[in-house]
Amino acid sequence: MTKIEMTVNGRAASGEVEGRTLLSSFLRDELKLTGTHVGCDTSQCGACVVHVDGEAVKACTMLAVEAAGSEVTTVEGMANADGSLSVIQQAFQDHHGLQCGFCTPGMVMSAAALLKENPKPSEAEVRDYLEGNICRCTGYHNIVKAIMAASGQEVAPVAAE
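Residues numbered from 1 in each chain as written. Predicted model: local features only at pLDDT ≥ 70, side-chain atom pairs only at ≥ 80, totals over all residues. Heavy atoms only, no water.

The protein chain is annotated in an unreviewed UniProt entry as (2Fe-2S)-binding protein of Roseobacter sinensis.

1. Concerning the pattern of salt bridges
Per the counting criterion, the structure on display carries 2 salt bridges. Residue Glu 18 pairs with Arg 20 through a salt bridge whose shortest N-O separation is 2.8 Å. You can call Glu 18 partly exposed: its relative accessible area is 36%. The closest approach of N and O atoms between Glu 123 and Arg 127, which form a salt bridge, is 3.2 Å. Of this pair, Glu 123 and Arg 127 both sit in helix α4 (residues 123–129), separated by 4 residues, roughly a single helical turn. (Salt bridge = Lys/Arg side-chain N within 4 Å of Asp/Glu carboxyl O. Buried < 20%, exposed > 50% of the residue type's maximum accessible area, 1.4 Å probe, protein only. Helix = DSSP H or I, 4+ residues; strand = E, 2+ residues; numbered from the N terminus.)

2. Describing the sheet that holds strand β2 (residues 11–17)
Sheet strands line up and pair through hydrogen bonds in the backbone, either parallel or antiparallel. Read across the sheet, 5 strands follow the order β2-β1-β5-β3-β4 without closing on themselves; strand pairing throughout is mixed. The sheet is open, and its two edges are formed by β2 and β4 (55–58), each paired on a single side. Taking the axes of each pair of neighbouring strands and ignoring which way they run, one obtains an average angle of 40° across the sheet. Pairing between strand β3 (residues 49–52) and strand β5 (residues 71–73): 2 bridges, direction antiparallel. Within β5, the residue paired with His 51 across the bridge is Thr 73. Helix-sheet contacts for helix α3 (residues 104–117) involve β3, β4 and β5, and the interaxial angle to β3 is about 40°. (Pairing = 2+ DSSP bridges. Axes fitted to C-alpha atoms, helices over the stretch in contact; angles between N-to-C directions. Contact = heavy atoms within 4.5 Å.)

Now the structure itself:
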């Protein structure tokens, strides 16, 4: 077992892990941060995306020991200091960018990484960036609208059903 320490969502975190423990497992099982979802364990779905030292990383492909000493942000750390939703989270809610919600944490974290790199992406750039994230429910249309809205760009209003 190896003792590791890191900063997670702005707070010091530590634990004892086996060398083979994935970052996703450490976050979920040891730190009880269950917003990081595990959908495939093969880096295909993107539900486990977190930020490590400011970079989007699929937590099911990184060992926890590799994140030792790093600054890790999970979807739980995306809310504003007062607990209200971040701009990206609010845009997902406002534009119905989620359905079952399983992919949502990874989508939110990927959206944050995209908007950090490219604050005003085109729709094509959003779709291209999300290529590593799978959603089986929404067809991506409202997810893309949510990200465009979070970037401050105008989107067509959601039709009432």
